[in-house]
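Chain by chain, the residues run as shown.
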Amino acid sequence: MEDVYGIKYTKPEVVLLQDTGIGVAESAARTCYDSFSSSENDVIKNIEQTMPDEAMCDEINAIDDSALLDDLAWTYFHHSILEHANLSFLIRGTSRGVLQEHARHRIQAISVRSTRYTMSSLINAFVASKQSASEAEAKEFFIQRVLGFDMFVTADEAYNRVEISGMYAKLAFQFNKLEDFYSISVAKSSLGLLEEFEGDSMGLYEALQAGKKKRNVGDAFKHIISDNVKVDMVVTFNLRSLKNYFTLRDSGAAFFQIRWLAQEMMRVTPQKYLDLIIKQKVGI
């Protein structure tokens with residue numbers, strides 16, 4: 001947790017899910033120069049004499065160092081061969097604001113937690129709140145439920161209450177405008193619960209949570225959430241693109257939240273990749 005501009009923020013968590021190794025990248029480079037016999041890695045040397053079988057491929061993917069890749073990356077800046085190495089990261093707890101920044105990096109595969117399918121609990125909290133005795137009680141019920149979701153990167157409860165109050169106001173605006181509000185926010189099989197739990201906000205909330213979720217509920221309500229909301233995602237970069245990402249995002253000029261993310265991604269990236277893309281070796 002860190003205080004930035006007077007507000008406390010939580011930092012993202014990152015796990016490296018998979019990496020393809022640097023051996024394929026060296027194989028690609030050796031193919032360009034027809035120099036397999038010059039490799040310090042015996043399995044690469046053998047490619048000159050035979051097509052790799054499964055056991056050789058396993059050895060290639062286990063290579064930890066390559067003098068040629070180091071030379072090409074730092075002396076000749078021949079970076080296209082780095083595109084043959086890929087790393088995939090599971091990211092939890094970054095923000096929708098960071099997601100917008102990520103979209104500017106063209107060469108990546110990215111899969112993100114969908115708000116179309118994952119807003120049911122939020123909408124259930126609002127629907128249940130309308131069973132409260134007063135508008136003030138309804139709003140407080142909603143705020144308390146949403147505070148429990150831990151859905152923001154901001155960690156100040158006072159600030160988050162302001163954020164949630166704004167969400168409540170947006171939903172209340174729609175509620176007052178739409179005669180069919182419940183039909184677009186509650187699964188058909190759960191509509192009967194509104195009458196069953198009339199006047200019982202908590203009972204209705206728990207019943208809605210236990211019932212069938214409304215499909216695509218986020219379509220009607222995505223507008224209520226801000227860039228402050230946490231998102232989870234899996235991203236895959238080739239090593240050349242990851243070099244570009246780290247160069248731009250681990251910078252004092254970068255948005256502080258994406259800088260935190262880049263630093264966490266760098267922390268879990270094995271050294272054999274960092275040696276090829278980050279200037280941290282003696283003499284470089």
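Residues numbered from 1 in each chain as written. Predicted model: local features only at pLDDT ≥ 70, side-chain atom pairs only at ≥ 80, totals over all residues. Heavy atoms only, no water.

1. Here we look at the packing of helix H1 (residues 23-33) against helix H4 (residues 67-74)
Piece 1. Axis separation between H1 and H4 bottoms out at 9 Å; the angle between their running directions is 75 degrees. Relative to H4, the element H1 lies roughly perpendicular. Judged by residue contacts, Ala25, Glu26, Ala29, Arg30 and Tyr33 of H1 engage Leu68, Leu69 and Leu72 from H4.
Piece 2. Here the residues of the contact of H1 with H4 sort into six nonpolar, no polar and two charged. (Axes fitted to C-alpha atoms, helices over the stretch in contact; angles between N-to-C directions. Helix = DSSP H or I, 4+ residues; strand = E, 2+ residues; numbered from the N terminus. Parallel < 35°, antiparallel > 145°, perpendicular 65-115°, else oblique. Contact = heavy atoms within 4.5 Å. Nonpolar A, V, L, I, M, F, W, Y, C, P; charged D, E, K, R; others polar.)

2. Brief notes about the pattern of salt bridges
Piece 1. On inspection of all chains with the given rule, the structure shows 10 salt bridges.
Piece 2. One salt bridge in this structure joins Glu135 and Lys130, with 3.3 Å as the shortest N-O distance.
Piece 3. The shortest N-O distance in the salt bridge between Lys230 and Asp150 comes to 3.2 Å. Note that Lys230 is positioned in strand S6 (residues 230-238) and Asp150 in the loop between helix H7 (135-147) and helix H8 (157-177), a separation of 80 residues in sequence.
Piece 4. Counted as one network, the salt bridges with shared partners bring together Glu101, Arg104 and Arg249. (Salt bridge = Lys/Arg side-chain N within 4 Å of Asp/Glu carboxyl O.)

3. Focus: the pairing of strand S4 (residues 86-95)
Piece 1. With seven of its 10 residues buried, S4 lies for the most part within the structure.
Piece 2. Pairing of strand S3 (residues 13-19) with S4 involves six bridges; the strand directions are antiparallel. Bridge pairing links Glu13 to Arg92 in S4. (Buried < 20%, exposed > 50% of the residue type's maximum accessible area, 1.4 Å probe, protein only. Pairing = 2+ DSSP bridges.)

4. A word on the packing of aromatic side chains
Piece 1. Summed over all chains, the structure comprises 17 aromatic pairs.
Piece 2. Taking the centre distance of 5.8 Å and the plane angle of 70 degrees together, the rings of Phe175 and Tyr182 count as edge-to-face.
Piece 3. The partly exposed category is assigned to Phe175, whose relative accessible area is 23%.
Piece 4. The partly exposed category is assigned to Tyr182, whose relative accessible area is 24%.
Piece 5. The interplanar angle of 80 degrees and the centroid separation of 6.1 Å between the aromatic rings of Phe181 and Tyr182 together place this pair among those described as edge-to-face.
Piece 6. Judged by relative accessible area, Phe181 falls into the buried class, the value being 2%.
Piece 7. Three or more aromatic residues joined by ring pairs form one cluster here, namely Phe126, Phe142, Tyr168, Phe175, Phe181, Tyr182 and Phe221.
Piece 8. The ring centre of Phe141 lies 4.6 Å from the NZ or CZ of Arg145, which sits over that ring. (Phe/Tyr/Trp six-rings, centres within 6.5 Å; stacked < 30°, edge-to-face > 60°. Lys NZ or Arg CZ within 6 Å of the ring centre and 35° of its normal.)

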